[in-house]
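Chain residues, written in single-letter form:
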Amino acid sequence: MAAAKSFRTEQIRNVVVLGHGGSGKTTLIDAVCFAAGTSNRKGSVGAGTALTMTTPEETGHGMSMQLTVAHAIREGTKVNLLDTPGYMDFVGDATAAARVADAALVTASATSGVEVGTEMVWQLCDDRALPRMIFVSMMDKMHANFGKVLNEVREKLAPGAIPVQIPIGAASTFKGVVNLLTNNAYAYKAGSTTGEYEEIPIPDEVADDVENWQTELMETLATTDEELLDRYLEGEEISLEEQLAALAGAVAEGEVVPVFCGAAEQSFGVRELTEMMVALLPHPGQAGEVEATNGGGDPVQLRAADDESVSALVFKTTAEPHVGELSLFRVYSGMIVNGTELRNVSRNASERINHLAIPQARERVDVDGLHAGDIGVVAKLKSTHTNDTLSAPTNPVTIEGVVFPQPDISIAVRGAARSDEDKLGEALGKLHEEDPTFAAGFNPEIRQTIARGMGELHLDVQFERMKRKYGVSVETEPPRIAYRETITAEAQGQGRFKKQTGGRGQFGDCWVRLRPRDRGEGYEFISSIKGGVIPTKYVPSVGRGIEEAAAKGVVAGYPVVDFEAECYDGSYHSVDSSDIAFKVAGSYAFRNVAEKAKPALLEPILEITVTVPEEYLGDVMGDLNGRSARVLGMEPLGGKTAIMAQVAEAELYKYASVLRSITQGRGYHRRKLLGYDLVPPMRVEKIVAEAAEREG
Ligand SMILES: Nc1nc2c(ncn2[C@@H]2O[C@H](COP(=O)(O)OP(=O)(O)OP(=O)(O)O)[C@@H](O)[C@H]2O)c(=O)[nH]1
Ligand SMILES: [Mg+2]
């Protein structure tokens, strides 16, 4: 694409588009950009051609899976639209997009209204105090009901929601809207892909509604400003400009949430929506200052103005074959021009910014410069990662990064073939680079590579990506549990090591008593050797031998913990004894005695905090019971209930997914290791059998 002119701060809007999965975000952005002429085809989600669906995984699954930035230009103002996935597994990218936007457009479908995901994204906006507007989408769908959705919005999300447009007709009779501010009615031209319309007289069927809503809207606006209120009460005319200014002010304060409607698939309503985003949402310079830390560690405020020193936050990194790595960033202060050298404080590196561009989904549109507040994209930065700050070398600052949610679903992975296994570590690292809510690492205790993500679909899609982009195929299995072993009775016995080879032999002999200790007390070695039956210098070697042997227990090969070993007798040879010989003798003693000391399996016990809305409490408790959890208590927590419980890790496989489905995605849990406890007898056999199978 040809180089675009750059956009001044006042000509920029950064709008994150959020909503429940399938509520029409991607279709809307496609239609908005096509109608604005910044996209050259009218795409569709179903055909995999929508502007902001850029990866085969997204087109394959028919849903957005990562944040994608596109822009529309209306009368010289560029509206950056950050498309986000609605499906909760991909909430990491929605969080990142909300972090760098100055306002939000929340979609709710005219048939499904406010859903779980709508409430979740509303919370994301609340966290950032984002000004927002609502688009009631899919007005053309069967059973579309604007009034019902509006009521739900007012009840569940925002009492201050108020329509600025109301629809004319619904479902198959949906044909246009009335703008309550201008008092104009528009009928869309059927078959127009760019949202063309003609002005019509206000139809009788909506006349009453128009009047009622107009009164409410005017009263709401009047109460935002005393002077406006006086004039309104005196029956004075209030101009459209004044109304828009009052509304924009109330939106910025979060007092009013204007509601719009349309049918993006037919491009109905998209032009006006774009105009209203320009008129009602703040530009970066109005969006408030952002706190950062300067080189000396002191807080500084960043202001979206060109005359400030440059700072920008990288909020997303993508890597596609043949394109390479791309970094999306938001300029928080100052202006970036092509060729600028910027400092990356966290990596202690410099980056030269060449081929500066603004993102249009998968395309990059070259620009000479980016003004304060804009969103840009550059390729092939050397050392910069997501959440790094780039700033002027003379005035380095660090902006607090996106706080990504912690991945809490784990699965073990291994390369499907030897060649996959070799490349696995690197590929997993690259996936993490692109998506901080995905992480993986080798756990030496259970000898598995564990991948963690936000949900099962999230993990599946990561493995699809890994295969497509890096040619690495994996097989998955449940993560193993890090069992331990202990002894439950006192026992004693001998460990004797004697070896005669050619010249000098090896000799060590010890008598050892093992005693159980309480949970968490660990291993202790004591010596009660008297009369030098084992020379003092060799005694610690017995202890080390026992400790090393205890790394592999006699029940199922797991580390043995919480016991005491007393070395109380033994013998030595003046020539053949050595440290190593006594170490071996110690290990023999351990193997021999542990068998007699009633060895037992221990399993990790976790303390979990499960947070759920009241209405799911019964179901969640029932499920916890089924997992033999010990409930310790309950506490109210901001409209929800937190349940504290102890439960064996083995009972928690896929718990996050189960909890999500019981609570329609609203419950979550945190876990931490509490300690170890004996495995109930009924489960021991299976664990032993599995261990034997693994050992081959
Ligand atoms: N009839 C009708 N269908 C629509 C309209 N807008 C979107 N759809 C359809 O609804 C489905 C979901 O739309 P998307 O645009 O993918 O929704 P989304 O919010 O981006 O979904 P996620 O990315 O999964 O969060 C697709 O099949 C669209 O074709 C509309 O205005 N009218
Ligand atoms: Mg989408």
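Conventions we followed
- Residues numbered from 1 in each chain as written.
- Chains lettered and ligands numbered in written order.
- Predicted model: local features only at pLDDT ≥ 70, side-chain atom pairs only at ≥ 80, totals over all residues.
- Heavy atoms only, no water.
- Helix = DSSP H or I, 4+ residues; strand = E, 2+ residues; numbered from the N terminus.
- Contact = heavy atoms within 4.5 Å.
- Areas by Shrake-Rupley, 256 points an atom, 1.4 Å probe, with all protein chains shown as cover.
- Lys, Arg positive; Asp, Glu negative; His and termini not counted.
- Charge placed at Lys NZ, Arg CZ, Asp CG, Glu CD.
- Near = heavy atom within 4 Å.
- Polar contact = N/O pair within 3.5 Å; in protein donor to acceptor, adjacent residues only side chain to side chain.
- Nonpolar A, V, L, I, M, F, W, Y, C, P; charged D, E, K, R; others polar.
- Pairing = 2+ DSSP bridges.
- Axes fitted to C-alpha atoms, helices over the stretch in contact; angles between N-to-C directions.
- Donors = N, O, S within 2.8 Å, 3.2 Å for Na, K, Ca; no water.
- Buried < 20%, exposed > 50% of the residue type's maximum accessible area, 1.4 Å probe, protein only.
- Domains from an automatic or database assignment.
- Buried area = accessible area lost by both parts, 1.4 Å probe.
- Salt bridge = Lys/Arg side-chain N within 4 Å of Asp/Glu carboxyl O.

Draft legend 1. How the structure looks around the overall build of the protein chain. From N to C terminus, the protein chain includes 16 helices and 37 strands. For the C-alpha atoms alone, the extent of the protein chain along its principal axes is close to 110 × 60 × 50 Å. Residue pairs at least 24 apart in sequence account for 72% of intrachain contacts in the protein chain once pairs closer than 6 positions are excluded. For the protein chain, the exposed area adds up to about 30,000 Å²; of that, 48% sits on carbon and sulfur atoms. Taking the average place of the 69 positive charges on the side chains of the protein chain and the average place of its 99 negative ones, the gap between the two points comes to 12 Å.

Draft legend 2. Broad picture of the site of ligand 1. Around ligand 1, 19 residues are found, and the nearest of them are Lys25, Thr26, Thr27, Asp140 and Glu265. Here an oxygen atom of ligand 1 sits 2.8 Å away from a polar atom, N or O, in the main chain of glycine 86. At a separation of 2.5 Å, an oxygen atom of ligand 1 approaches a polar side-chain atom of glutamate 265. Burial of ligand 1 by the surrounding chains reaches 84%, relative to a free accessible area of 650 Å². Considered class by class, the residues forming the shell around ligand 1 number six nonpolar, nine polar and four charged.

Draft legend 3. Quick look at the side chain of arginine 517. Relative to the elements of secondary structure, arginine 517 occurs in the loop between β31 (506-516) and β32 (523-527). Setting aside residues up to four positions removed in sequence, arginine 517 forms contacts with Gly522, Tyr523, Glu524, Asp562, Phe563 and Glu564.

Draft legend 4. Focus on the sheet that holds strand β1 (residues 12-19). Reading across the sheet, the seven strands line up as β2-β3-β1-β4-β5-β11-β6 and stay open at both edges, with mixed pairing between neighbours. Sheet topology places β2 (68-74) and β6 (161-163) at the edges, where each strand pairs with a single neighbour. Sheet twist, expressed as the mean angle between neighbouring strand axes with direction ignored, is 30 degrees. With three bridges connecting them, β6 and strand β11 (residues 257-261) associate as parallel partners. Bridging from a neighbouring strand, alanine 161 pairs with valine 257 of β11.

Draft legend 5. Seen up close, the coordination of the magnesium ion (ligand 2). Those protein atoms acting as donors to the magnesium ion (ligand 2) are Thr26 (OG1) and Ser64 (OG), and they sit at 2.0 Å. Here threonine 26 is found in helix α1 (residues 25-36), whereas its partner serine 64 is found in the loop between α2 (56-61) and β2, with 38 residues between them in sequence.

Draft legend 6. A look at the sheet that holds strand β13 (residues 299-302). The antiparallel open sheet is built from three strands, whose spatial order is β13-β12-β24. The open sheet has two edge strands, β13 and β24 (397-399), and neither has a second partner. The average angle at which neighbouring strand axes cross in this sheet is 45 degrees, direction not considered. Judged from the three bridges that link them, strand β12 (residues 290-294) and β24 form a sheet pairing that is antiparallel. The residue of β24 that forms the bridge with alanine 292 is isoleucine 399.

Draft legend 7. Representation of unusual backbone geometry in the model. For alanine 171, which is not glycine, the phi torsion reads 55 degrees and is therefore positive. With respect to the secondary-structure elements, alanine 171 resides in the loop between β7 (165-168) and β8 (176-179). For alanine 171, a relative accessible area of 17% gives the class buried. Despite not being glycine, asparagine 387 has its phi angle at roughly 80 degrees, a positive value.

Draft legend 8. Representation of the pairing of β1 in the model. The buried fraction of β1 is high, at eight of eight residues. Because side chains alternate across β1, one face comprises the buried residues Ile12, Asn14, Val16 and Leu18, and the other comprises Arg13, Val15, Val17 and Gly19, equally buried. Two strands pair when backbone bridges link them, and β1 and strand β3 (residues 77-83) are joined in this way by six bridges, in the parallel orientation. Bridged to isoleucine 12 within β3 is lysine 78. Alignment of β1 against strand β4 (residues 103-109), held across five bridges, turns out to be parallel. If you follow leucine 18 over to β4, its bridge partner there is valine 106.

Draft legend 9. Fine view of the domain arrangement of the protein chain. According to the domain assignment, the protein chain consists of domain 1 (13-210 + 254-286), domain 2 (290-399), domain 3 (409-477), domain 4 (484-597) and domain 5 (602-695). Computed from C-alpha coordinates alone, the two centres of domain 4 and domain 5 are separated by 38 Å. At the interface, 10 residues of domain 4 touch nine residues of domain 5. Summed over both sides, the interface of domain 4 with domain 5 buries roughly 800 Å², with 59% coming from carbon and sulfur. On the domain 4 side of the contact with domain 5, Arg484, Arg519 and Tyr558 bury the most area, a combined 56% of that side's loss. Counting every contact that joins domain 4 to domain 5 gives zero salt bridges. Where domain 4 touches domain 5, the interface holds three residue pairs in polar contact (both at pLDDT 80 or more).

Draft legend 10. Summary view of the environment of alanine 279. Within the secondary structure, alanine 279 is located in helix α9 (residues 270-280). C-alpha separation for the pair alanine 279 and proline 540, spaced 261 residues apart in sequence, amounts to 79 Å. Ignoring any residue separated from it by four or fewer positions in sequence, one finds alanine 279 in contact with Leu244 and Ala248.

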